[in-house]
Amino acid sequence: MAGAKPVFNTDVFCVAPLDYSESLPDRLLHPRRILDGVRRGVEDGGNKSGIPTINGALVFDERYLGKPLVYCGTGGFLPRKILGRPCEIKEIHAGDRICMVGGRIGKDGIHGATFSSLAMDEASPVSAVQLGDPLRRSELEIF
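Predicted, not measured: the structure shown is a model, and the values here were computed from it.

Let's talk about the confidence of the model for the chain
Averaged over all residues, the pLDDT of the chain is 76; the fraction at 70 or higher stands at 66%. Within the model, the stretch residues 105-111 combines pLDDT values under 50 with 12 contacts to residues more than four positions away or in other chains. Residue range residues 130-143 is modelled with pLDDT below 50. Its contacts to residues more than four positions away, or to other chains, number 38 contacts.

Looking at the sheet that holds strand 3 (residues 69-77)
If you trace the 3 strands from one edge of the open sheet to the other, you get 2-1-3, paired in mixed fashion. Two strands close off the open sheet at either side, each with one partner strand: strand 2 (53-60) and strand 3. Averaged over neighbouring strand pairs, the angle between their axes works out to 15° when direction is ignored. Here strand 1 (residues 5-15) runs beside strand 3; their pairing, made up of 9 bridges, is antiparallel. Among the inter-strand pairings, N9 is bridged to a residue of strand 3, identified as T74.

Brief notes about empty space enclosed by the protein
Here the structure, examined in full by the defined rule, presents 1 cavity of 30 Å³ or more. The volume enclosed by the largest cavity comes to roughly 40 Å³. Contributing to the lining of the largest cavity are V15, A16, L29, H30, P31, I34, Y64, L65, G66 and P68.

Remarks on unusual backbone geometry
Positive phi, normally seen in glycine, also occurs at R27, with a value near 75°. With respect to the helices and strands, R27 occurs in the loop between strand 1 and helix 1 (31-45). With phi around 55°, L83 is a residue other than glycine that occupies positive phi space. Considering the arrangement of structural elements, one finds L83 in the loop between strand 4 (81-82) and strand 5 (85-86).

Quick word on helix 1
Compared with the 21 Å implied by 1.5 Å per residue over 15 residues, the 21 Å span of helix 1 between its first and last C-alpha is a close match. Inspection of helix 1 places P31, L35, V38 and V42 among the buried residues, and these make up the whole buried set. For helix 1, the arc enclosing every buried residue in end-on projection is 65°, short of the 170-degree limit, so these residues lie on one face. Exposed and facing more than 90 degrees away from the buried side of helix 1 are R33 and D44. Here the buried face of helix 1 lies against strand 1, strand 2 and strand 3.

What counts and what doesn't
- Residues numbered from 1 in each chain as written.
- Predicted model: local features only at pLDDT ≥ 70, side-chain atom pairs only at ≥ 80, totals over all residues.
- Heavy atoms only, no water.
- pLDDT = per-residue confidence, 0-100.
- Contact = heavy atoms within 4.5 Å.
- Pairing = 2+ DSSP bridges.
- Helix = DSSP H or I, 4+ residues; strand = E, 2+ residues; numbered from the N terminus.
- Axes fitted to C-alpha atoms, helices over the stretch in contact; angles between N-to-C directions.
- 1 Å grid on protein atoms, 1.4 Å probe; cavity = no way out; pocket = protein on both sides within 12 Å on 5 of 7 lines; lining within 4 Å.
- Points joined across faces, edges and corners; volume = space filled by probe spheres on them.
- Expected span 1.5 Å × (residues − 1).
- Buried < 20%, exposed > 50% of the residue type's maximum accessible area, 1.4 Å probe, protein only.
- Arc of directions from axis to C-beta.

Structure follows, in structure tokens:
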């Protein structure tokens, strides 16, 4: 059975300025160290897949100090038909099985978006981040 064929990756890294010279609040890493870690993570997760990264962007702003943003995506082609059926038509039936692939939830539980909107202070947890896990798979049934 044929499926979508990924053909390119893209990414955007948003960090504080790399020449940031003011003292950093306790427990925050310098933007240069953050960017290096983000770049290595994207390299391991995407670039080694054999799919070329065709574009990207770096955004520098002090508001990203302690709260960097990383956007990554993949684009590709989907055949018009699979097994004689148009790919754009999707039907869900009771008993269908699906495979969910994605990141496990970080130590902040399901509140990653809530956490990312808060101002950080000394009481903020340093490990509140959602961790990607592209190898984890779970199977669910639709009722």
